[in-house]
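# Architecture at a glance
The chain contents come next:
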Amino acid sequence: ECPLCLLPQPPEAFPSLASCSHRSCWACLQQYLSLAVSESRVPVSCPHCPAALQPSDVHRLLPEPALRDKYEEFLLRRLLVADPGTRWCPAPDCSYAVFAHGCAECPRLTCGREGCGTEFCYHCRQPWHPDGPCAPVPPTPSLATPTAQLAQPEELAHGEALAQAEAEDIKVCPRCSAFIMKINDGSCNRMNCTVCGCLFCWLCLQEISDVHFLSPSGCTFWGKRPWSRTRRILWQLGMVLGAPMVISLAAGVAVPVITIGIPIYMGRKVLAGGPASRRSSLSGCQQCLSVTSSVLLSLFVSPIITALTVGVGVPLVLTYVYGTVVLSLCR
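Attention in this report is confined to the structure presented alongside it. (Residues numbered from 1 in each chain as written. Predicted model: local features only at pLDDT ≥ 70, side-chain atom pairs only at ≥ 80, totals over all residues. Heavy atoms only, no water.)

### Let's talk about the overall build of the chain
The test is simple: What counts as a helix is a DSSP run of H or I of at least four residues, what counts as a strand is a run of E of at least two, and both are numbered from the N terminus. Think of it in three bands: residues with accessible area under 20% of the maximum for their type are buried, residues over 50% are exposed, and the middle band is partly exposed, with areas taken using a 1.4 Å probe on protein chains only. Contacts are assigned to residue pairs that have any heavy atoms within 4.5 Å of one another. With residues, only the protein chains shown are counted as cover, and all accessible areas are computed by Shrake-Rupley using a 1.4 Å probe.
Across its full length, the chain holds 7 helices and 8 strands. Buried residues in the chain amount to 26% of all 331 residues. In the chain, the proportion of contacts linking residues at least 24 apart, taken out of those at least 6 apart, comes to 40%. Total accessible area on the chain is roughly 21700 Å²; 63% of this is exposed by carbon and sulfur atoms.

### Digging into unusual backbone geometry
Cis geometry marks the peptide bond from valine 42 to proline 43, where omega comes out at 0 degrees. Residue position: proline 43 is located in the loop between α1 (26–38) and α2 (55–61). One non-glycine residue, leucine 6, lies in the positive phi region at around 60 degrees. Although it is not a glycine, leucine 205 sits at a positive phi angle of roughly 55 degrees. Assignment of secondary structure puts leucine 205 in the loop between β8 (199–201) and α5 (229–272). Relative accessible area serves as the criterion here: at 30%, leucine 205 is assigned to the partly exposed category.

### Some details on the pattern of salt bridges
Here is the rule we go by: One speaks of a salt bridge when a side-chain nitrogen belonging to Lys or Arg is within 4 Å of a carboxyl oxygen belonging to Asp or Glu.
In this structure the tally under the stated criterion is 4 salt bridges. A salt bridge links arginine 60 to aspartate 57, with the shortest nitrogen-to-oxygen separation between them at 2.8 Å. Residue arginine 60 and its partner aspartate 57 are located together in helix α2, separated by 3 residues, close to a single helical turn. Assessed through its relative accessible area of 5%, aspartate 57 is described here as buried. Residue arginine 77 is joined to glutamate 73 by a salt bridge in which the shortest nitrogen-to-oxygen separation is 3.4 Å. In this pair, arginine 77 and glutamate 73 are both assigned in helix α3 (residues 65–81), 4 residues apart and thus about one turn of the helix distant.

### Re α5
Operational definition: By this rule the span expected of a helix is its residue count minus one, scaled by 1.5 Å. One axis is fitted to the seven residues ending at the residue and one to the seven starting there. The bend at that residue is the angle between these axes.
Its 44 residues place the ends of α5 only 54 Å apart at the C-alpha level, less than the 64 Å of an ideal helix rising 1.5 Å per residue. When the local axis directions of α5 are compared, the greatest deviation, roughly 60 degrees, occurs at glycine 242, which is followed within four positions by the proline proline 244. What α5 keeps buried is the set Arg232, Gln236, Met239, Val240, Gly242, Ala243, Ile247, Ile258, Pro263 and Gly267.

### Looking at the environment of lysine 224
Positionally, lysine 224 belongs in the loop between β8 and α5. When residues no more than four places from it in sequence are discounted, the contact partners of lysine 224 are Asn184 and Leu203.

### Observations regarding the nonpolar core
When a protein is soluble and globular, its nonpolar side chains tend to lie buried together. Convention followed: As used here, the term nonpolar core means buried Ala, Val, Leu, Ile, Met, Phe, Trp, Tyr and Cys residues forming a set that is joined through side-chain atoms within 4.5 Å.
If you look at the biggest cluster of nonpolar residues, it comprises 16 residues, and the most contacted ones within it are Leu33, Val37, Val44, Leu53, Val58, Leu62 and Tyr71. When residues in this core are grouped by element, the largest group, 4 residues, is from α1. The residues contacting leucine 53, other than those within four sequence positions of it, are Leu17, Ser19, Leu33, Val44, Ser45, Cys46, Val58 and Tyr71. Among the nonpolar cores identified, the runner-up in size contains 11 residues, and Met191, Cys193, Cys196 and Cys198 belong to it.

### Details of the side chain of serine 34
The residue serine 34 is located in helix α1 in this model. Setting aside its immediate chain neighbours within four residues, serine 34 contacts Leu62, Pro63 and Leu67.

### Side note on the state of the cysteines
This is how the line gets drawn: Only a pair of cysteine sulfur atoms within 2.5 Å counts as a disulfide in this structure description.
Applying the stated criterion across every chain, the model contains 0 disulfides. Cysteine cysteine 46 shares no disulfide, and the gap to the nearest cysteine sulfur, in cysteine 20, comes to 3.6 Å.

Next comes the structure, spelled out in structure tokens:
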């Protein structure tokens, strides 16, 4: 049975993959790959695990030659986007890449695509400007049309608000400058660029690690805006001043709960566990002995678990509060 479509299939309908041991039928894999490549989600991972599919498997499974060519183009683009010396031709309908290593002192570049030959600047990546310095990146064109500029002030304000809302929904990847849109559906602020694979925060537009939202940066995992500086400083001061009391309270609650709760849980689990026929075959003394032995073993193990939890957790929390948080306050 295919785990994707849940239909029974013959064994020859399940192709093997070089990246992992998961199996799905040909039809599901082809549909999955076609959708992933059309959405530029390259490299493509296995539908069951994060392992990236090998290009040989992708070429074997993709049904259309156009999709295979698009897959190769997206792989090449991701490789070139990660190269800091690569520049893309700014001419319309031209996606040619120019390798421009060591061109900072001589910034005039020429597109090598046949029939293009556009000249552009290495620094600002705009058409070549021999008579002046690099111009700043032009702002996003206004949504207002020439006729809309004759509207009433309140209508202009409404239009500007809509434009600002749309600008907040579309941002630029901090690594490859690709435009990325985030749907305002309450999703998290941990973004992954499908072009270059950059993992960044939607609020501060900085490349992040997995602990970015745990750091005192003001960026929240679900929020729409970062915290203000005043709120962030007050929160950090509260953590520094209140950490000893909170840690003592948490340890005072966790120690008896773990020490007493584990034996109670194990005793109830052993008493209620197993099939009814097996429990009925045991005498009352045997059941009592089984429960007593599990409780005694838990009483021996639970202090060790408590010591490890407190001995590891408390130093980690203290290191974070009086290390990371204090350094953030000093900055």
